[in-house]
Structure formats: structure tokens, C-alpha cells
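A look at the structure
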Amino acid sequence: MSESKGYDEKDQTSSLEKGAVHDYVVQHTDNKYHFDAADLDRVQRKLKQRHVQMIAIAGTLGTGLFLGSGHALQAAGPLGALIAYAVVGTTAYASLCAVGEMTSHAPISGTFPHFAARWVDPAFGFAVGWNYFYTNAISVPVEITAAGILLTFWDPNPDHQAAYTAAICICACAINIFGVRWFGESEFVFSIIKLLLITILIITGLVIDLGGGPDHRRLGFHYWKDPGPINGAGLEPNHPSLDRFLGILSVLVQAAFSFQGMELVAIAASETISPRRNIAKAVRRVFWRILMFYLLGVLITGMLVPYNDENLLSTSGTAAESPYVIAMTRAGIKVLPHIINAGIFTSAFSAGNSFLFCSSRVLYGLALRGQAPKIFTYCTRNGLPLAAVLGTSCFAFLSFMNVSNGAETVFTWFVNLSTVGGFFGWWSMNLTYVFFYRGFRAQGLDRTKLIYHSKLQPWLSYWGLGWITLFILINGFAVFWDFNAADFLTAYINVPLFIALYVVWKILKRTKVWKPHEMDFVTGIPTVEETEIPEEPPRTFGEKVAAFLF
């Protein structure tokens, strides 16, 4: 491609590693349909197996689970929250299986927005990419703000908030600017902290529930009987059954926020050593992670605190509103709340760090294929997409809006505006997989030969599509009981925004939806031999333990 002349032609390492530009399976005469960006792609594979596995195991464990589970319990009761998290867990798993299989075939920059452009419609890929970039970029200041609020658990002085926010912003941006290896190491450490935290919480919760706390009060399933297993939404007090159903619906959206970000391992595929093998291993472990950490964690939460506990209504944003802290305080345990707040702080910082990484890589992928300004394709000799990282880092400083009282409302509006964006990301993964599945079959390709494939496909993706469509539609359903134009707009503005992105690019570029026999499954996609390093079997006891864990 002529565009590659403006880049360092001596540094061909990462380009060759991504795979040479092969002949097309299907020839197109229109340049706007070409995806041979391998000669421009300069990122390098520096994420190791232990980085990817730990990110997959604990990457999304954060404030959504540690604090959000309390809000879910208060809104729907212990059984209602458990049902909601179980349903959302299956859709998250479906989405990850879909993107995992596609990534197993094509571990390249741009990830699922590129897959959407390549196998559904270039305009669809444009809409998916910019929607996902915007959602993740605006989530960076949200998580930085959450981390700053968590510090008020120890220092409630509001005058110090700006300094804390600045320090967190600089640290998050610095980790990403130093390169993917620093990002991998930081997330490895954060993931270990989060795993230890959720493990301690679950074990401590069980001990308290069984009467092992200082007060020796045995709880069991007492709170499932009094005040009861399911709480209502308070929207239909004259119809209790309907009200309880609406309570569960409201928690579906809350639970979905807790799971978002699982696709990080797929986004990092182009910078992962032996991506096909490592991502396959990561996706296979996700089911057990959802079962052990999310569902078991929510179950324990419902056993420790009644859904009508006044402390659950707290909006402090610190560990004080965590159901685990409420239970420990009641049981007379004084030290653990501080440890929990420290652990949740690292979770919030880790989430901001990860959102910054995701959004910068999606922006880089969009730029590689001409769907974002070309300046964002700039990459250093060490494989860092510096322009994309710097451009995305600017969003981190929006967190200062929350320090100012006047701008706080605008900041909250931005936060609400981005909430449905994550749902569109999951929805697009499943829809793209359906097209990918049809294209593979039409061209006589055998998906069972991929290093990772799911035997439950394509039914998993159909399941995911159905539920995620529901999530998007019910995101702001409560507004219809007490209609408010501002709330309605923030709940549903992303729907017309996504459609507008799709329509504008389709009109400007006159793109078309790919037919199964037209899909390109070859160009710029590296072979297994080009990406996978032979795995050496563990010899010592330590190596065997590491192989089991990572």
C-alpha cells in the first residue's frame, strides 16, 4: 500500500509478525473494501501468557461487583439479584465466546470493530468502532472519579479531591504511555489484588454467615425469609408480582455493567504472544470465573445483608456502601473495611487503566483502516501507538469536571450518555459472529480447526443477541412511569447516535452488506505459524503450578 511510505520502513518486525499481505480469496476492485493494513500495523507482541490469563480471570472484577452488588441486592432482593447476574453472565459468556472464536482466526489490530467492517458491512464496523471508542474513552474519567471518591473513606476533605484526581490521571496515562509491557505488569498485579480481595470477601462472608464472627450470630438464609427473596421496583405497588418482575429487570442493567470489559483479552490479541493459544485458554476459563466470583459473590451478599438495610441506600461511593463492609461492621470486625476500600480503589484504578488501553487500541485500529484520522496510526519503534494513546488520554482529564460543582451535572450527563455503548459492543460481537459463521460455511472453511471454537455456536450468539437487545430497550424503562425528557434522552440517545454513525458512513462510502461468499478471511491475517510459539511443557513443580494458574 502506498500509505506505508510515510512510516519507518526499516522496522518491519511487527509488520511481518502480523502476517504478510496474502492474495484475496475474493477480489474487489474498489479500494474502500480492502483491509490489507498489515504493512501499516506496527504494534508488537509483548503481553505474556501470565498477563493475558490474569486479565481474563480478574480483569473486570471492579466496583461494579464490589459496590454494585449492594445496589442490586437493594433493588431486587437476594434471589432477584442472583437471577439477574446469572442471566447477564450467560450473555457475557456468549459475547466472549463469539469474539474469542473470531480472534482465534484473526488476532489482528482493530479487533471486533474491524471484524464487523470486514464480515458484516464497513459502515457497521465504523459505527461499532466509534461507539466502542467513545464508550471506553468516557469511562476513563468515570473510573478515575470513582477512585478519587474511594480515597474520601480516609480523607473526607473535599479540597484535596482535585490533587487526588490529578495524581490518578497522571498514573493511568503514564502506565499506558510507557507501553504495553507496563500495562501488562500493572494489570497482572492489580488482578492478583482483586482475586485476593474477592476470595477474602467470599470466605469472610461465609464465616460471618455461619456464625464465626465476633458476635457469633448464625445467619444462614435468614434474610431470604425475612424480608424475603425478591424486592419490588416500587413502580407497581398495587401489583406485587409485576413489581418484583420489574425489580429484576432493573437489576439486569446494573449486573450488565459489572460484566462489561471482558473482551479486553480479545482487544489485546494483536499485542499478545501466541495470541490464539492464550486467548483460547482465557475464554475457556471465563465460565468458571463467572460461576465462582460473580454468582457465588452475589449469593454470599444476599446471605449477609437484608435488602431493606438502610446502609445499602448509601451513595458515598466508598467501601462503606459495600454489603460486605456492612456485614463486617455489624459482626464487629473493624480492620477489614479499610483493607476492602484499598482493594476496591485498586479495582477502580485498574478499570480506568484498562478502558484507556481499550479505547486507544480501537482508535488505532480505526485509523489503520481509514475510519479515523491517519495521525492516530503513528507508532513508536517499540510498538506503542503513541498518537492514539495521547489522544485518548485527554479524556482522563474530564474527571476534573466532577470536582467543580457547576460542571458536575454535565459530567453526570456524559456518564449516563455512555452507558448503553457497552451493550452495543456486546450486541455487535454476537451479530458479527453470526455473519462470520455463515461466511465460513459458505466458503467451505472448517471452524473446528481453529485453536478455539465453541460447540454451542451459533446458538450462543443468538441467545446473546436476544438478551442484549432487551438490555438496550429496558435501560431506562423506569422513566415511563414518571416521564422526564432529560432521563429519557440520556437513557436512549445512544440508539439514534449508533444508527446515525452507520447511516452517515454508508452514504458517504456507499458500502454494502457482505454476502457470505464475498467475505475475506485471508488478507492481512497471520497464519498460526506466524503467531504461535511452540509451548514448552512444564518440568519443575513451580512451572507446573504456574501452568495450572496461568
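None of these values were measured; they are calculated from a predicted model.

Quick look at the nonpolar core now. Soluble, globular proteins show a tendency: their nonpolar side chains are buried together. Ranked by size, the top nonpolar core spans 150 residues in total, and within it Tyr85 and Phe259 carry the most contacts. Residue contributions to this core peak at 17 residues, all from helix H4 (residues 68–105).

Right, let's talk about the pattern of salt bridges for a bit. With the rule as written, the count across this model stands at four salt bridges. Salt-bridge contacts for Asp121 lead to Lys506; the nearest nitrogen and oxygen are separated by 2.6 Å. Here Lys506 lies in helix H20 (residues 494–509) and Asp121 lies in the loop between helix H5 (111–119) and helix H6 (122–151), a separation of 385 residues in the sequence. With a relative accessible area of 1%, Asp121 lands in the buried category.

Helix packing geometry: the angle between the two helix axes and the distance between the axes. At a minimum axis distance of 8 Å, the contact between H6 and helix H14 (residues 336–368) shows a crossing angle of 155°. Here H6 lies roughly antiparallel to H14, going by the angle between them. The element H6 and its partner H14 pack so that their crossing is left-handed. Tallied by class, the residues present in the contact of H6 with H14 amount to 20 nonpolar, seven polar and one charged.

What follows concerns the side chain of Asp121. A distance of 2.6 Å separates polar atoms of two side chains, one belonging to Asp121 and the other to Lys506. Contacts of Asp121, omitting those with residues within four sequence positions, involve Ala116, Tyr502, Lys506, Thr511, Lys512, Val513 and Trp514.

Our focus in this paragraph is the state of the cysteines. All chains considered together, the criterion is met by zero disulfides. The thiol of Cys171 is unpaired, and the distance to the nearest cysteine sulfur, on Cys173, comes to 9.4 Å. Residue Cys394 stays outside any disulfide, its sulfur separated by 8.2 Å from that of Cys173, the closest cysteine.

Put simply, Asp226 and Pro227 share a cis peptide bond, and its omega is 20°. The linkage connecting Gln457 with the following residue, Pro458, adopts the cis geometry, with an omega of 5°. One non-glycine residue, Ser274, lies in the positive phi region at around 45°. With respect to the helices and strands, the residue Ser274 is situated in the loop between helix H11 (264–267) and helix H12 (275–304). The backbone of Arg510 sits at a positive phi, close to 50°, despite the residue not being glycine. By the secondary structure assignment, Arg510 is in the loop between H20 and helix H21 (528–531). For Arg510, a relative accessible area of 71% puts it in the exposed group.

Scoring rules and cut-offs
Residues numbered from 1 in each chain as written. Predicted model: local features only at pLDDT ≥ 70, side-chain atom pairs only at ≥ 80, totals over all residues. Heavy atoms only, no water. Core = buried A, V, L, I, M, F, W, Y, C linked by side-chain atoms within 4.5 Å. Buried < 20%, exposed > 50% of the residue type's maximum accessible area, 1.4 Å probe, protein only. Helix = DSSP H or I, 4+ residues; strand = E, 2+ residues; numbered from the N terminus. Salt bridge = Lys/Arg side-chain N within 4 Å of Asp/Glu carboxyl O. Axes fitted to C-alpha atoms, helices over the stretch in contact; angles between N-to-C directions. Parallel < 35°, antiparallel > 145°, perpendicular 65-115°, else oblique. Left-handed = near helix turned anticlockwise from the far one by under 90°. Nonpolar A, V, L, I, M, F, W, Y, C, P; charged D, E, K, R; others polar. Polar contact = N/O pair within 3.5 Å; in protein donor to acceptor, adjacent residues only side chain to side chain. Contact = heavy atoms within 4.5 Å. Disulfide = S-S within 2.5 Å.

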